[in-house]
Amino acid sequence: MRDDLSVVLVSNRGPVSFAQENGGFELKRGAGGLAGALDPVARRLGGRVVWIAAATSDEDRQAVAAGAADGLQDELGYPVYFLDFEPEMYAKYYDVVSNRMLWFAVHCLWDELGVKEFGDLEIAAWNDAYQPVNERFARAVLEIAESDSLVLIQDYHLTTAPGFLREARPDQTIFHFTHSSFCGPDGLERLPAPIPRRVIEGMLGADLIGFHVAAWVEGFLHCCERIGAQVDWAAGTVEHGGRRSWVREYPIPIDPRDLRERSGRGEASAWARRFAELTDGPLIVRADRTEPSKNIVRGFEAFGRLLDRRKDLSSARFVACLYESRQSMPEYRRYIENIRASVASVNHRHPGSIQLFLEDDYDRTLGALREYDVLLVNPIMDGMNLVSKEGPTINERHGVLVLSRQAGSFEELGETSVAIEDALDVDAISDALERAIGMGQEERERRALELRTLVEARTPRDWIEAQIDDLIEVQEGREPKTSPCTWG
Ligand code: G6P
């Protein structure tokens, strides 16, 4: 990597958030895949990177006002600039547009959640909050970035920031990466005009546009065609408004060293021992945010049906390490109620068969991942799904991965897992669990080894270097080194 390289990372959620504790502020890890995945990358770039993120809660805002973020350079090895938004505007940008409209759109979740149509409130939230927040992020970049800095903008919260930045700095090298899925026109076009077009045109402000896997590149390119952009599928390029953008897949890996180190410590080991003693029968584990797209309720129902029909599996236990997410939204609050109700129903029929944890405890999750016989990852749709990579790396029982075809990681791990063809079909999930539980020891060992090899073939360092190398190529007027997607 070039010594004079300067990188500006831009995301809604930063690598840490703040919690008020004993009159001061304590640091917490940022929630979700994005923050956890980018932090090691930023640490590696060290003095060459600046991270711009939003203060996402009142505690964050107070901490930033009190100067608690000023020492982050020492703590993390790189500086983080938090942007402070007026709470009402932030809520409209984050809850109404990013999480209610765009997240559901990129996961095609409309029917699942019964969201039928949008009205003036949503359009107003787009105009008065989402667009101004994106513009503010772009202005912050302008204040910090040199003209030759590489600007790496992350995710669906910031789809129009690249466009705003492009207008102000025609020659800036801009990257946009989507960490979620991108299911295509069926999802996006359920949003009212002019939002679908603005989203795509905003993203096309970037020189290079990245997704985890080819399926999401495909969804995006279809959306580009729908707004009349010129798509060259073989080259992976989009021409629009007199500019060209490159579109590539960069499947995100995990860092096995960090994970093994943390999961081997006392706290996680104590949890692992507890879970090991839970039953003589098979142990099924899942670890997720309480997120409708993770399809948690159908997972419990599928387990319940399996126990209903296989009396011999009465000693099977299911440990669910969940943590609450996006509780400012009614859809997410309702989802937790549904989770509790489905666990209660299965436990009523099969007492003690599901242990549900709803508080974030990373060591407990690591302990459970060390001990599973079956890891259930059954999302309706998922950008990548890091748990499906983390589990096989630290699991000590040659556990089997049960994986939805609609998870981004299926592209890499599908052949070595037990596949769920249709994640909306409870019986299909139940059958997949049954097959995994019944798998012979030799087969389990072979698959577990293969999974670990696949997962550890690339590191987060390879992932970010591929993006940066490609951006440097593009900055210098050449094609990205990463090949375009091949279509099955
Ligand atoms: C997904 C998104 C991230 C987001 C994370 C947690 O992984 O791709 O951008 O940060 O979920 O969600 P939250 O709303 O808590 O930031």
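Quick note: structure is the one above.
Right, let's walk through the structure included here. (Residues numbered from 1 in each chain as written. Predicted model: local features only at pLDDT ≥ 70, side-chain atom pairs only at ≥ 80, totals over all residues. Heavy atoms only, no water.)

With that out of the way, let us pick up the site of the ligand. As a matter of local geometry, the ligand sits amid 13 residues, with Arg13, Tyr94, Asp155, His157 and Arg326 nearest to it. Taking Arg13, its side chain carries an N or O atom lying 2.7 Å from an oxygen atom of the ligand. Relative to its unbound accessible area of 370 Å², the ligand is 93% covered by the protein chains. Elements represented by at least two residues in the shell around the ligand include exactly helix H1 (32-45) and helix H4 (87-106). By residue class, the composition of the shell around the ligand is four nonpolar, five polar and four charged. (Near = heavy atom within 4 Å. Polar contact = N/O pair within 3.5 Å; in protein donor to acceptor, adjacent residues only side chain to side chain. Areas by Shrake-Rupley, 256 points an atom, 1.4 Å probe, with all protein chains shown as cover. Helix = DSSP H or I, 4+ residues; strand = E, 2+ residues; numbered from the N terminus. Nonpolar A, V, L, I, M, F, W, Y, C, P; charged D, E, K, R; others polar.)

Here the focus is the sheet that holds strand E6 (residues 150-154). Taken together, nine strands build an open sheet; the order of strands is E5-E4-E1-E6-E7-E8-E11-E10-E9 and the sheet is mixed. This sheet does not close on itself; its edge strands, each paired only once, are strand E5 (80-83) and strand E9 (230-232). With strand direction ignored, the average angle separating the axes of adjacent strands in the sheet is 20°. Sheet contacts for helix H6 (residues 120-144): strand E1 (7-10), strand E4 (49-54), E5 and E6; angle to E4, the most-contacted strand, approximately 155°. (Pairing = 2+ DSSP bridges. Axes fitted to C-alpha atoms, helices over the stretch in contact; angles between N-to-C directions. Contact = heavy atoms within 4.5 Å.)

Centre distance and the angle of the planes are the two values used to describe a pair of aromatic rings. Tallied over the entire structure, the rule returns 24 aromatic pairs. Ring geometry for Phe104 and Tyr332: centres 6.4 Å apart, planes at 10°, overall stacked. In this pair, Phe104 is assigned in helix H4 and Tyr332 in helix H14 (residues 330-349), connecting sequence segments 228 residues apart. The residues Phe104 and Tyr332 share a single accessibility class, namely buried. Through pairs of rings, three or more aromatic residues link up here, namely Phe85, Tyr90, Tyr93, Tyr94, Trp126, Tyr130 and Phe137. (Phe/Tyr/Trp six-rings, centres within 6.5 Å; stacked < 30°, edge-to-face > 60°. Buried < 20%, exposed > 50% of the residue type's maximum accessible area, 1.4 Å probe, protein only.)

This part covers the pattern of salt bridges. The full count for this structure, using the stated rule, is 41 salt bridges. A salt bridge links Glu201 to Arg197; the shortest N-O distance between them is 3.0 Å. Pair noted here: Glu201 and Arg197 are both in helix H9 (residues 195-203), with a separation of four residues, about one helical turn. A residue is classified by how much of its surface remains accessible, and Glu201, at 27% relative accessible area, is partly exposed. Connected through shared salt-bridge partners, Arg309, Arg310, Asp312, Asp431 and Glu434 make up one network. (Salt bridge = Lys/Arg side-chain N within 4 Å of Asp/Glu carboxyl O.)

Take Arg326: it is sitting in the loop between strand E13 (317-323) and H14. Look at Arg326 and you get buried, because its relative accessible area is 13%. Side-chain polar atoms of Arg326 contact the side chain of Tyr332, separated by 3.1 Å.

For the structure shown, the criterion picks out one disulfide. There is a disulfide in this structure between Cys108 and Cys183, and the S-S distance comes to 2.1 Å. Since a negative S-S torsion denotes a left-handed disulfide, the Cys108-Cys183 link at about 90° is right-handed. Taken together, the residues Cys108 in the loop between H4 and helix H5 (110-113) and Cys183 in the loop between strand E7 (173-177) and helix H8 (185-188) connect sequence positions 75 residues apart. The thiol of Cys485 is unpaired, and the distance to the nearest cysteine sulfur, on Cys224, comes to 13 Å. (Disulfide = S-S within 2.5 Å.)

This brings us to the environment of Ser315. Relative to the helices and strands, Ser315 resides in the loop between helix H13 (296-309) and E13. The class of Ser315 is partly exposed, set by a relative accessible area of 32%. Residues Ser315 and Gly114, spaced 201 residues apart in sequence, show a C-alpha to C-alpha distance of 37 Å. Apart from the residues within four sequence positions on either side, Ser315 is in contact with Thr279, Gly281 and Pro282.

Further remarks concern the nonpolar core. In terms of nonpolar packing, the biggest core is built from 132 residues, with Phe137, Ile200 and Phe220 touching the most fellow members. For this core, the element with the most residues is H4, which contributes 11 residues. Apart from residues lying up to four places away in sequence, Ile200 is in contact with Phe182, Leu188, Phe220, Cys223, Cys224 and Ile227. Core analysis: the next-biggest nonpolar cluster, separate from the first, contains 34 residues, Ile284, Phe318, Tyr335 and Ala428 among them. (Core = buried A, V, L, I, M, F, W, Y, C linked by side-chain atoms within 4.5 Å.)

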